[in-house]
Each structure stands twice: as structure tokens, then as C-alpha cells.
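# Coordinate inspection notes
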Amino acid sequence: MFNLILAITKTFSRASRLLNIGSGYTWSGHIILFFYPHFIEEAISSLPQGTIIITGTNGKTTTAQALSFILRERNLRVVTNTSGANLLNGIASALISKMGWRGQLHADIGVFEVDEAVFPEAVRLIQPTIIVLLNLFRDQLDRYGEVDTLVSKWKDALEGLPSSVKILINANDPALAFLGEHSRGEVFYFGVTDHELNLKEVPHYADSRDCLNCNSVLSYKVCYFSHIGIWFCPVCKRTTPPLSFEAGNIRIRKEEMHFFINKFETTTKLVGIYNVYNLTAVFGLTQLLGMGEALSIPLFKNFEPHFGRQETFLIAGQTVKILLSKNPTGFNVNLRLISVIFEPGDRLLLALNDGIADGRDVSWIYDVDFEDFLKLFEESVCASGSRADDLALRLKYAGLKKEPIVSKNTKIILEELFKEAGKRGALYILPTYTALLSIRKVLLGKEIS
Amino acid sequence: MKLKIAWLYPSLMGTYGDRGNIITLIKRCQWRNIQVEVREVNPGSPVDNLRSSDLIFMGGAQDRQQKIVADDILKNKGPIILELIEKGAVGLFVCASYQFLGHFYRAADGEEIPGLGLFDLHTVNPGLSVRRCIGNIVVELNIDGLPKLATNYQRLTTLVGFENHGGRTYLGEGVKPLGKVLRGFGNNGKDGTEGAIYKNAIGCYFHGPLLPRNPHLADLLISKALGVNPLDLIALPDDLEVKAHISALNNE
């Protein structure tokens, strides 16, 4: 019976991939979990090198994909969920696709990105060997609830772990460091030490500004973005925990970024400080898996940005770079990053949707500091997506004098932008999640034709 | 002419774009050459600035922040807020702040947290098993003498926004609601009311940036705070505001 259901779901998932029905991917997982609720636990128990779970608001996909890339380069067979399919049915689908017709799993290790809200259940089911906590920012309040709510759910999940589990935590996120103090298992910290990147003050859109131990407002020696930095509590004296994996000396260029991790110089096509965190977590993971330091670092520069996370297209001679921006922190860091590499003639397209997967509530665009970068984008900014009108209004209140080009239809606005492609510089696109899906579809069509 | 705005607990009570309201008030004053000053009021900060303000704004918050604020407001800022509103100052209190200005908030565990009692209302959180009120909301405003927008726009008599609250608010007898719910939940999802008005103070569940898409309400607050007739404010080119408002009226 199991083999029959597996065969059906495998066929189904292959067909949907062949026919390019993206949403078909998670259906196979959905079906198998309906008939076999313990499918995930049983399948995963056969992985000889165990399973890694990666969660956090931003960076899950990049971290999971970069780690999978490196492990594959080291000749490990990796089972991993495709970007965005980070609920239980997405994990089940990934397992199905790596299974033979008799149910044998052709993989050595599991690397799964897991949705923040599903994390406690995923930990209970999967019993991972290593857990990575990247960060927690406000994101889709209508779906996830508040940051504090997630912190307390994660705390419960981490307190129930067996002590053999390794947990890799971003020490620069004070709420996550607090979780590290209350976790069972072996805790390791990663983080950044680079005083050059210090913001003068903690930005208004920061979330975890208070000490979770004593409720006092935290102080910062260095703040990189949001509430991420070298923090300390002036009252109860908690501080950023010591780092096992430390990045620094970060130099951002248009096409690549250089930085050090634990004295090893690293080069990558991913740019921006948030990718320093993602890649430092990846490095930490390779170390916890027992891989030599000198082996993983050189592989970083071969990793290609993935699915809208700094993914680059070349269309009619024009470079198009997509930077998924789905919450205030992501949007703000991406605006700041673009402001560093933006050149005259470059253009900026913002695309805001309010689908279920984006969050129906777009209030957060008022937590994005368009004001700070307006001069740079004034002549070239365009607004699109189902909430394009709200974006245009936000830009007006940020001080934009000129009315931007606005179209709710992303296809129409892209056509408009490509008319001038030859005469203009790069096009940077900042979309929310479902806007990314529709924009990629248009761009992939263009690339082929 | 100068508008003095007190922004209460900006970092604690500002979960999701609440600063959009302050940005809107500032811009709509500046576009009319009205001077404007925003004073951020935090726990422990002196109360002189608050005492001399014409307009008070307080946004929404998470539970933990709400507890930090509760302490400071009951002891220090609360009595001044009440005094100011009684004297005719303008107030906009959103979500958690709105609940806090009622008689009490009964939490999911049954604990009653006393409020300031500015509005004759109370709020009950029915517990986690009952769904939160989340979604787009549209109400028909219950306010006479709304400022006119420039003549080439359709007159706005609705308020559009987003709500996200667990607590259900019940108005006392004779309390004037802010409006009638056309879409969404409002105060409690049952009686069709949303928000409350007392003198020049408004409490409501329109969280985050309520004012950008509702420029008529922004102008009403500004004119009342300055003590001028709303009809005397210079009309502004509100194309984008009206477009976003109408877009929201049509958005399910």
C-alpha cells in the first residue's frame, strides 16, 4: 500500500515539475502525510549523517541552498526542500523526490529550511542533529503573530531537546541569544565583529530592543541593522555571547563581497551584511559536521545566488537583479545595499503584493526608510504589485516629488522598463514573495526568447 | 501657527508602521506651511512636553511592551492625558492604546488590567481558542463636518485600513462610535460598531498607518488641534491618497 501511494505521489510530483506547475510540488507531500502521518520521521531516520534544520525570518533559503551546494561538492547526497516550500508538506515532498520506487531514500543528509511558525512541530517530528537559528524580525504579523510570541514558542521547543542536539545561534540577535541561554543541547554562536559597519543608532524598525531577562532597554557597542549587533544589558549585564564562528573585515563590491570568517578570507557573489550572517552560519555548519576549514571556504565563491535572493538575469543586454524584500528589515537592508552599488542610469522597481503568502497587511511599508535613499532613486523608481497604489503613496510621504510609474500589473511594467533596456543601466527589483513568483515567470520567459 | 504633537512610546507602541501616522501629520502640515513639532514621549521622560501638546498619538503594541507602558502611564502620563483631552486636545489612540483608555482589559486568563477610563468601554479577550479579528476593514464615518478634499475628488466619508486584535471591545451606553462597520470586525465583530469618540479623542482598531489613506481624517485631526475650522484648511492635491483609499474600498 505504501509503495502504491509513494508511486502515485512520485508520479504526480514529476508530472507537475515537467508541466512546470510550481504549486504542484508540495501536493505530493500533502497526499503522503494524509495517508502516512509518520512519513517524515520514518524516512528521515534512515539518513546516516542526520538532519539539519534552518529557521529564522530572513536568510533561510540562501543558508540552506549554500550549505547543500557545499555538501554536494563534498560528494554527499543531500535531500533539501525547494525554496519557500518550508512547511511539513514541503519537507515530505523533498523526501519523496529522493526516494526510490521501493521507498529507499537516496540521500546521506537532510538540509531543511523550516517556517518560523512550524519550527516547534518540525523539531519534534524530525529530531534534527543540528538546528540553526538565524534571526527573528517582524514579518506578516497577521500570520505569525508578534516576535515575542514566536520567541516563546521557540523557547518551549528548545527546552525539550535531547542534550545531544547541536544548536547554532546568531549571537548578534539578543532574543536568539536569550534562547541559547535556555536551550538544552550544545549551543554554538556565530556573529559579526566589524566596527566599520556601525550605524549611529539602533534603527526605529528594530524589534527585540529589550532584554528578555530583565525588560531593560538594551545598549549597543555596534549595531549593524535592526536589533542585530554587539549588544549588552546595562542592568542585568547580559552580553553578546562569545563567538565560535566570527566574521569581519567586510568589503562590499557591486558583483561580489569579501570578508573573513575565523581568519579565513572568503569571496562570494552574495553581497550585503545579511549574507555575511548566512554564510558564517554555513561555515559553522560545515565545522559542526566535521569538515576541514580549508575545504569549505574556497567553495563559497562558486555558489550561485538562488531564486530571487540576489538572483541575476541578463535581458536585452541589461542586468536585472532581484532582491526579495518581504518585511521591513529585509527591505531596509536591501535599500541600503543597493544605495552602495547604485550607479547613474540604474533603475529600481518595487513590487508589493498582499497575497496570503505575503501577508494581507502592508502597514510595514511605513517602517521602510525610503526617505534616506530618495535622492538616489528619485528619477527611476517604479511601483508595482496588487498594492502599487499604497507604495506610490508611501513614496509621496517619503518626499518623492515626481509621481512614480505605477502599474498593478508587473508584466506590463516590466515590458515598459525593457523598452529602454539598451539605454539604461541595471534594473534592481525589490519584490514581496508572490510578486517575486510572477516577476520570475516574466523574466524566465524573456531569457529564453 | 504651530502644531505640537506628542508621540507616546514610539519604540514600545509602534509594532507595525504606526509611524506612518506621524509622517502623514508632519507632511500635511508642512505642505501647508504650518510649523510642526513632534515630541517623543517615553517611559521615564519628563511630562512638560506632553502637557503643552495639541495632539496626542499612541499606537499599538505587543503584550510585553504593553505591560512596560502600563506602569508608566498609570503613574505618570495618564492623568495628564485625561486632563488634556478634557480641555479639548486631540487624541488618536490605536489598538492596544484604545483598549488601554477604556475601564479595563480582561486578558485571556481572566486577569483584569485597569485602564484610564477616558472612554466608557471595556475590552475582553475571549482566549486563544477564539480567532483574532484580522483583515481589511472599512467603516462609514460617524463624524459631521469632515474637511473637504480638493473639489475634483469624490468626497470621502469612509475610513479604510487593517485590523489585527484579539480583544473584543464593548461600548458603554451613549458612547459615540467612530463609525459603522461596512467590512471587517470592528469593536467586537457583533454590534457593527468600530472605535469610539469622546470630545476630540478617537480610539480605534485601525492599526498601523491609518492616516495616509484617510487624508480627510488626518486633516480633521490637524484642524481640531490647531483650533481652526476644518473647512478653512488649504486643500491639497490628494490624487494618490484618494486613489489608495478607493483601491482599499474595492480590495476584498
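Residues numbered from 1 in each chain as written. Chains lettered and ligands numbered in written order. Predicted model: local features only at pLDDT ≥ 70, side-chain atom pairs only at ≥ 80, totals over all residues.

## Observations concerning the overall build of chain B
The number of helices and strands found in chain B is 6 helices and 14 strands. Against the compact-globule benchmark of 18 Å for 252 residues, chain B has a radius of gyration of 17 Å, which places it among compact chains. Projected onto its principal axes, the C-alpha coordinates of chain B cover approximately 50 × 45 × 30 Å. Counting only residues that meet the buried cut, chain B has 49% of its 252 residues in that class. Sequence separation of 24 or more characterises 72% of the internal contacts of chain B that already satisfy a separation of 6 or more. (Helix = DSSP H or I, 4+ residues; strand = E, 2+ residues; numbered from the N terminus. Rg over C-alpha atoms; globule rule 2.2 N^0.38 Å. Buried ≥ 20, exposed ≤ 12 C-beta atoms within 10 Å, placed from the backbone. Contact = placed C-beta atoms within 7 Å.)

## So, the overall build of chain A
Within chain A one finds 16 helices and 17 strands. Taken over C-alpha atoms, the radius of gyration comes to 22 Å for chain A, in line with the 22 Å a tight globule of 449 residues would show. Dimensions along the principal axes, computed over C-alpha positions, put chain A at roughly 60 × 60 × 40 Å. Here chain A holds 449 residues, and the buried ones make up 51% of them.

## Regarding the interface of chain B and chain A
Between chain B and chain A, the residue contacts involve 28 residues of the former and 21 residues of the latter. Looking at the side of chain B that touches chain A, the elements with two or more residues in it are α1 (19-30), α3 (63-86), β8 (133-141), β9 (158-165) and α6 (239-250) of chain B. Here the residues of the side of chain B that touches chain A are counted per class, giving 9 nonpolar, 12 polar and 7 charged. (Nonpolar A, V, L, I, M, F, W, Y, C, P; charged D, E, K, R; others polar.)

## Observations regarding the packing of helix α6 (residues 119-126) of chain A against helix α8 (residues 147-159) of chain A
Residues and elements named next belong to chain A. Direction vectors running N to C along α6 and α8 enclose 15 degrees, while the axes themselves pass 9 Å from each other. Here α6 lies roughly parallel to α8, going by the angle between them. Relative to α8, the crossing made by α6 is right-handed. Together, Phe119, Pro120 and Val123 of α6 and Lys153, Trp154, Asp156 and Ala157 of α8 make up the contact between the two elements. Tallied by class, the residues present in the contact of α6 with α8 amount to 5 nonpolar, no polar and 2 charged. (Axes fitted to C-alpha atoms, helices over the stretch in contact; angles between N-to-C directions. Parallel < 35°, antiparallel > 145°, perpendicular 65-115°, else oblique. Left-handed = near helix turned anticlockwise from the far one by under 90°.)

## Observations concerning the sheet that holds strand β6 (residues 112-114) of chain B
All names here are of chain B. The strand order across the open sheet formed by 4 strands is β6-β5-β7-β10, and the pairing between neighbours is mixed. Because the sheet does not close on itself, it has two edges, and the strands there are β6 and β10 (168-171). Averaged over all pairs of adjacent strands, the angle between strand axes in this sheet comes to 20 degrees, irrespective of strand direction. One ladder, built from 4 bridges, connects strand β7 (residues 121-124) with β10; its direction is antiparallel. Opposite Val124, over in β10, you have Arg168 as the bridge partner. (Pairing = 2+ DSSP bridges.)

## Observations concerning the nonpolar core
Residue and element names in this part refer to chain A. Ranked by size, the top nonpolar core spans 202 residues in total, and within it Val132 and Ile169 carry the most contacts. Per-element accounting of this core gives the leading share, 9 residues, to helix α10 (residues 273-288). Each of domain 1 (2-302) and domain 2 (309-448) contributes no fewer than three residues to this core. (Core = buried A, V, L, I, M, F, W, Y, C linked by C-beta atoms within 7 Å. Domains from an automatic or database assignment.)

## Some points on the environment of Leu84(B)
Residues and elements named next belong to chain B. Residue placement: Leu84 occurs in helix α3. Separated by 30 residues in sequence, Leu84 and Asp54 have C-alpha atoms that sit 8.3 Å apart. Beyond its immediate sequence surroundings of up to four residues, Leu84 is in contact with Ile56 and Ala89.

## With respect to the sheet that holds β9(B)
Residue and element names in this part refer to chain B. The strand order across the open sheet built from 4 strands is β9-β8-β11-β12, with neighbouring strands paired in antiparallel fashion. The sheet is open, and its two borders are formed by β9 and β12 (193-194), each paired with just one other strand. Sheet topology places β8 next to strand β11 (residues 179-183); 4 bridges connect them, and they run antiparallel. From the neighbouring strand, Leu141 faces β11, where its bridge partner is Gly179.

## Section: the confidence of the model for chain B
Close reading of the predicted structure is inappropriate where its pLDDT is low. The pLDDT averaged across chain B works out to 91; a share of 98% of its residues lies at or above 70. Mean pLDDT across the secondary structure elements of chain B bottoms out at α3(B), with 87, and peaks at β12(B), with 98. (pLDDT = per-residue confidence, 0-100.)

## Points about the domain arrangement of chain A
All names here are of chain A. Domain boundaries in chain A define domain 1 (2-302) and domain 2 (309-448). Centre-to-centre separation of domain 1 and domain 2, based on C-alpha positions: 27 Å. Those elements giving two or more residues to the side of domain 1 that touches domain 2 turn out to be α4 (60-73) and α7 (141-144). Of the residues forming the side of domain 1 that touches domain 2, the biggest block, 3 residues, is contributed by α7.

## Observations concerning the pairing of strand β11 (residues 264-268) of chain A
Residue and element names in this part refer to chain A. Alignment of strand β10 (residues 257-261) against β11, held across 5 bridges, turns out to be antiparallel. Paired with Met257 across the strands is Thr268, a residue of β11. Taken together, β10 and the strand that follows it, β11, pair antiparallel across an intervening segment of 2 residues, in which Asn262 is found at a positive phi of about 40 degrees.

## Let's talk about unusual backbone geometry
Residues and elements named next belong to chain A. Phi is positive for Asn249, which is not a glycine, with a value near 50 degrees. The residue Lys263 is not glycine, and still its phi comes out positive at about 75 degrees. Positionally, Lys263 belongs in the loop between β10 and β11. Classification of Lys263 by C-beta neighbours within 10 Å gives exposed; the count is 8.

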